[in-house]
Amino acid sequence: MHARRNGRHDRPHRYAANSRCAQGNARILLTNHPLDCPVCDKGGECELQDMVFRYGAETSRFIEEKLHVPEEKWSEAVYYDAPRCILCFRCVRVCDEGMGVKALGVGQRGVNSVIIPNLENRLNCVECGMCIDICPVGALTSGTYRYKTRPWEMIYEPTTCAHCSNGCKVTLSIRNNEILRANNATFPESMATSSARRAASAMTS
Ligand code: SF4
Ligand code: SF4
Ligand code: SF4
């Protein structure tokens, strides 16, 4: 007999099964993942880290050597680290459906699948940075922010960019009174433009 809550039966066995599924998914995502959290820009604000912490997939069952490919610089604004990519395709969708630029796509197949830029090994786009913001892991990193600090060392200030009349909502990430990053962290419904990000970058230099 199941306990009743809010007029509905709880089903602990179903929740346990869901947790085991999520744990299995996390293990699969970690198959070739480098687990370089201590140096990864996303460490501390990474959805994969949170998932592993929540469902407990900290011990890998894979003993084979992990596939590794070097990081790529696609433009001054965007870097791509393929082994960290979990192929969620959020970046492809936001570039297509959000920005209407269609600069990102998927190359190869199966375990060799990777995200690819529109010009073979570099990006020709408006460099809005939305793909970096929406990436749940540290696969896409920002040329102006990468390896400068850790997320827990900063304070976050929501504001409105005054660079032009668009009035984009941006979140400034600040450490020691220095602006290190501008993104849409606290305004997920908003699209901070490349101008807003560059204006913040200019303030840091
Ligand atoms: S993407 Fe997340 S899980 Fe992977 S190395 Fe970076 S912080 Fe760690
Ligand atoms: S920076 Fe903007 S335009 Fe360029 S690939 Fe990313 S989402 Fe597309
Ligand atoms: S959003 Fe990040 S993790 Fe998802 S497919 Fe793009 S690069 Fe990979």
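How each quantity is defined
Residues numbered from 1 in each chain as written. Chains lettered and ligands numbered in written order. Predicted model: local features only at pLDDT ≥ 70, side-chain atom pairs only at ≥ 80, totals over all residues. Heavy atoms only, no water. Disulfide = S-S within 2.5 Å. Phe/Tyr/Trp six-rings, centres within 6.5 Å; stacked < 30°, edge-to-face > 60°. Buried < 20%, exposed > 50% of the residue type's maximum accessible area, 1.4 Å probe, protein only. Lys NZ or Arg CZ within 6 Å of the ring centre and 35° of its normal. Pairing = 2+ DSSP bridges. Helix = DSSP H or I, 4+ residues; strand = E, 2+ residues; numbered from the N terminus. Near = heavy atom within 4 Å. Nonpolar A, V, L, I, M, F, W, Y, C, P; charged D, E, K, R; others polar.

Caption draft 1: Layout of the state of the cysteines. Taken as a whole and assessed by the stated rule, the structure comprises zero disulfides. Counting only cysteine sulfurs, Cys168 is the nearest neighbor of Cys161, a cysteine outside any disulfide, at a range of 6.2 Å.

Caption draft 2: Spatial organisation of the packing of aromatic side chains. Going through the model one piece at a time under the given rule, you end up with one aromatic pair. Each ring, one from Trp74 and one from Tyr80, has its centre 4.7 Å from the other, and the planes form 25 degrees; the classification is stacked. Comparing Trp74 with Tyr80 shows no difference in burial state: the two are buried. Across the ring face of Tyr79, the terminal group of Arg146 is positioned such that the distance to the ring centre comes to 3.7 Å. Over the face of the ring belonging to Tyr145 we find Arg181, whose NZ or CZ atom lies 4.5 Å from the ring centre.

Caption draft 3: Looking closely at the sheet that holds strand 3 (residues 72-73). Reading across from one edge, 3-4-7 is the order of the three strands in this open sheet, with antiparallel pairing throughout. The open sheet has two edge strands, strand 3 and strand 7 (140-142), and neither has a second partner. As paired strands, strand 4 (residues 78-80) and strand 7 are joined by three bridges and run antiparallel to one another. Note on strand 7: the bridge partner recorded for Tyr80 is Leu140.

Caption draft 4: Focus on the site of ligand 1. Surveying the vicinity of ligand 1 reveals the residues His33, Asp36, Cys37, Cys40, Lys42, Gly43, Cys46, Gln49, Val137 and Gly138. For the shell around ligand 1, the class distribution of residues is four nonpolar, four polar and two charged.

Caption draft 5: View of unusual backbone geometry. Despite not being glycine, Gln108 has its phi angle at roughly 65 degrees, a positive value. Positionally, Gln108 belongs in the loop between strand 5 (104-107) and strand 6 (114-117). We classify Gln108 as exposed; its relative accessible area is 61%. Within the chain, Tyr147 stands out as a residue other than glycine whose phi angle is a positive 60 degrees. With respect to the element layout, Tyr147 can be found in the loop between strand 7 and strand 8 (155-160). Residue classification places Tyr147 among the partly exposed residues on the basis of a relative accessible area of 45%.

Caption draft 6: Expanded view of the pairing of strand 10 (residues 178-183). Burial runs high along strand 10: five of the six residues are buried. The turn linking strand 9 (residues 169-175) back onto strand 10 is made up of two residues, and Asn176 within it adopts a positive phi angle of 50 degrees.

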